[in-house]
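Summary of the model geometry
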Amino acid sequence: MWITVIGLAALGTFGTNAWMPDSPGRLPYAVAPGTLAHLLGDCLARKGAPLLWPHKERYEVVLVKRSGNSVETEVLVPIMSVATFVLLWFTALSPTIVN
């Protein structure tokens, strides 16, 4: 698992450096919404998220009873993977299409 995470992080870092050399200035604008989306997604699960850390209370709105279910792995993962590659194509590999 860790090898996959480190490999994808390295691939993303070198890809960003090669195809979007001016992106370090834009990086906070990408990381902030991603972090917020992740926290809100954690709030949808049964364990919740400690939004006011270091206060230990976890906040939750249980819409997802269990992560890793068949809907998530068979439907959402492929959709999100395709969406990621489409957005990568339009923003990094062929940016002239979108003005």
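Residues numbered from 1 in each chain as written. Predicted model: local features only at pLDDT ≥ 70, side-chain atom pairs only at ≥ 80, totals over all residues. Heavy atoms only, no water.

Attention shifts here to the overall build of the chain. Within the chain one finds 3 helices and 0 strands. N-terminal to C-terminal, the α/β element order of the chain is α-α-α. Looking at the chain as a whole, 7% of its 99 residues are labelled buried. Looking at the chain alone, contacts between residues at least 24 apart form 7% of all its contacts between residues at least 6 apart. Entry remark: accessible area of the chain is about 8,600 Å², with carbon and sulfur atoms responsible for 72%. (Helix = DSSP H or I, 4+ residues; strand = E, 2+ residues; numbered from the N terminus. Buried < 20%, exposed > 50% of the residue type's maximum accessible area, 1.4 Å probe, protein only. Contact = heavy atoms within 4.5 Å. Areas by Shrake-Rupley, 256 points an atom, 1.4 Å probe, with all protein chains shown as cover.)

Over its 18 residues, helix H1 (residues 2-19) runs 25 Å from end to end, which matches the ideal 26 Å to within 8%, given 1.5 Å per residue. Within H1, only 1 of the 18 residues are buried, which leaves the element largely exposed. (Expected span 1.5 Å × (residues − 1).)

Okay, the confidence of the model for the chain next. Low-confidence regions, as indicated by low pLDDT, have predicted coordinates that should not be scrutinised in detail. Summarising the model, the chain shows a mean pLDDT of 78, and 80% of its residues fall at 70 or more. The weakest mean pLDDT in the chain belongs to H1 at 80; the strongest belongs to helix H3 (residues 70-93) at 82. (pLDDT = per-residue confidence, 0-100.)

Attention now moves to a nonpolar patch on the surface. On the surface, Val71, Val75, Leu76, Ile79 and Met80 cluster together into a nonpolar patch covering about 450 Å² of accessible area. Summarising the element assignment, Leu76 is placed in helix H3. Using a relative accessible area of 41% as the deciding quantity, one classes Leu76 as partly exposed. (Patch = residues over 30% accessible without salt bridge, like charges linked within 9 Å, V, L, I, M, F, W, Y side chains within 5 Å. Salt bridge = Lys/Arg side-chain N within 4 Å of Asp/Glu carboxyl O.)

Take unusual backbone geometry next. Cis geometry marks the peptide bond from Trp53 to Pro54, where omega comes out at 15 degrees. In this structure, Pro54 sits in the loop between helix H2 (27-43) and H3.

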